[in-house]
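Summary of the model geometry
Here's the letter readout for the chains.
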Amino acid sequence: MREVEMTVPHLFRCPISLDLFTDPVTLCTGQTYDRSSIEKWLAAGNLTCPVTMQKLHDPSLVPNHNLRHLIQQWRQMDHRFGPDYFTAIDPLVSLKHCLQSPQSTFQEKLEALQKIQLLTDQTPSTNPFLIQIGFLPLLLQLSFQMVDPEFSQDYMNFVEQGLICVLKLLPYGELESLNMLKQESKLESLVVLFEHGSVMMKQSLCHLVGVISSSSSTRELCAMIGKHPRFLNLIVCVVNQNNEASETGIKAISALCCLESNRGKLVQQGLIDALVTYMLNSERSLAAMAMAILEQVLGIERAKEALIKNPNGVKAVVKMVFRVSEHEGSESAVNSLMMVCRESLEAREKAIVAGVLTQLLLLLQSQCNGRTKTKATTLLKLL
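Residues numbered from 1 in each chain as written. Predicted model: local features only at pLDDT ≥ 70, side-chain atom pairs only at ≥ 80, totals over all residues. Heavy atoms only, no water.

All right, on to the overall build of the protein chain then. From N to C terminus, the protein chain includes 22 helices and three strands. Summarising its shape, the C-alpha atoms of the protein chain cover approximately 85 × 45 × 35 Å along the three principal directions. Every one of the 383 residues in the protein chain was classed for burial, and the buried ones make up 51%. Contacts in the protein chain between residues at least 24 apart in sequence constitute 69% of all its contacts with a sequence separation of at least 6. Carbon and sulfur atoms provide 53% of the accessible area of the protein chain, an area that totals close to 17,800 Å². Separation between the mean location of the 35 positive side-chain charges and that of the 37 negative ones in the protein chain comes to 7 Å. (Helix = DSSP H or I, 4+ residues; strand = E, 2+ residues; numbered from the N terminus. Buried < 20%, exposed > 50% of the residue type's maximum accessible area, 1.4 Å probe, protein only. Contact = heavy atoms within 4.5 Å. Areas by Shrake-Rupley, 256 points an atom, 1.4 Å probe, with all protein chains shown as cover. Lys, Arg positive; Asp, Glu negative; His and termini not counted. Charge placed at Lys NZ, Arg CZ, Asp CG, Glu CD.)

Laid out in structure tokens, this is it:
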């Protein structure tokens, strides 16, 4: 028994009990403990991470399923791993220690993060190891801790690289880690970073919002983001910026619309005008997705009113009815026109002036599906 204890890798030992993990859980600091040990620590009134001594703003415990699975593998292999495993894992543990240590300078942490980003780019096989030793919650913690009000270049680089690493690791990790953003301070950091950050930072944050909106385990966080008017206004505004962030902005808005409660809030922040402007730009590659979002929110009366009120609103939808290069978005455009034209003479008149009759006839002569043609015929009769 003693021999088995001596062969337990340090990665598999709880830092508090020094025993083999039985139920590993990870704190927001990225440090993993055995559940029973850390629960006793917290029950005693301690509000810090035992290893890093960082104050715990979020005491939630996220199960480390990857580490548990690894320990099970180790047991099945008669408590042995090949030398390649420890050759891969030890440098990663050192990098994690550098990022966690209060003694590490900012420059040292930046260099450690650069090495991690290089690993995630060039050696994806290390990503499961990074997850196993708790890098995902640690990187989230570092990226969304107190924002540097001066937004220095080094700080911008650090957050940019941190977010890129987070997005690379998310497919391998537990999405519950993202729930640390439910803390008021972390959510505020997300908003400030989106407001003042670089284009690359905005892109990464849009991707992150997409991941949050796609998982049932982060659905509450998605709803919290939807109740933040400042953030919704920022993400709507980014759609009309003529840069790479506008495409990721459309994807993030599409993801946020998975919750009906978010749709009305986005409309209040000017979503309709933003989508109209986006669709009128013929070079926009996600015009069909923008059209689908518009169709989704037109069930809201205020959205219909905003579309009709916009001088180019109905015109933008008519343009999407038939496009020579593709039929994607045609059905959404026809559905949207039916929704606004059914009860509005003004909308019908605007659609006719915008050339909807020609567009519908071209659509009916095209190779679009039968369902779309049936709807197009119904719209023609309505007009």
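A few words now on the sheet that holds strand β1 (residues 24-26). In a beta sheet, neighbouring strands pair by backbone hydrogen bonds and run either parallel or antiparallel. Taking strand neighbours across the sheet as the criterion, the three strands line up as β2-β1-β3 in an open arrangement whose pairing is antiparallel. Lying at the two open borders of the sheet, with one neighbouring strand each, are β2 (32-34) and β3 (62-63). Summarising the sheet, β1 and β3 pair through two bridges and their orientation is antiparallel. Paired with Thr-26 across the two strands is Val-62, which belongs to β3. (Pairing = 2+ DSSP bridges.)

Looking now at the pattern of salt bridges. Counted according to the given criterion, the structure contains 10 salt bridges. In this structure, Glu-195 engages Arg-230 in a salt bridge whose closest nitrogen and oxygen atoms are separated by 3.0 Å. Here Glu-195 is found in helix α9 (residues 184-196), whereas its partner Arg-230 is found in helix α12 (residues 229-238), with 35 residues between them in sequence. Judged by relative accessible area, Glu-195 falls into the partly exposed class, the value being 34%. We classify Arg-230 as partly exposed; its relative accessible area is 33%. By sharing partners, the salt bridges in this structure join Asp-23, Arg-35, Glu-39 and Arg-68 into a single network. (Salt bridge = Lys/Arg side-chain N within 4 Å of Asp/Glu carboxyl O.)

Turning our eyes to something else, we now look at unusual backbone geometry. The backbone of Leu-18 shows a phi angle near 65°, a positive value even though the residue is not glycine. Assignment of secondary structure puts Leu-18 in the loop between α1 (2-6) and β1. The exposure class of Leu-18 is exposed, given its relative accessible area of 52%. For Met-53, which is not glycine, the phi torsion reads 65° and is therefore positive. Looking at the element boundaries, Met-53 is found in the loop between α2 (35-43) and β3.

Taken over all residues, the pLDDT of the protein chain has a mean of 87, while the share at 70 or more is 93%. The element-level mean pLDDT for the protein chain is lowest in α1, coming to 42, with helix α17 (residues 301-309) highest at 96. Contacts of residues 1-6 to residues separated by more than four positions or lying in other chains number three contacts, the stretch itself having pLDDT below 50. (pLDDT = per-residue confidence, 0-100.)

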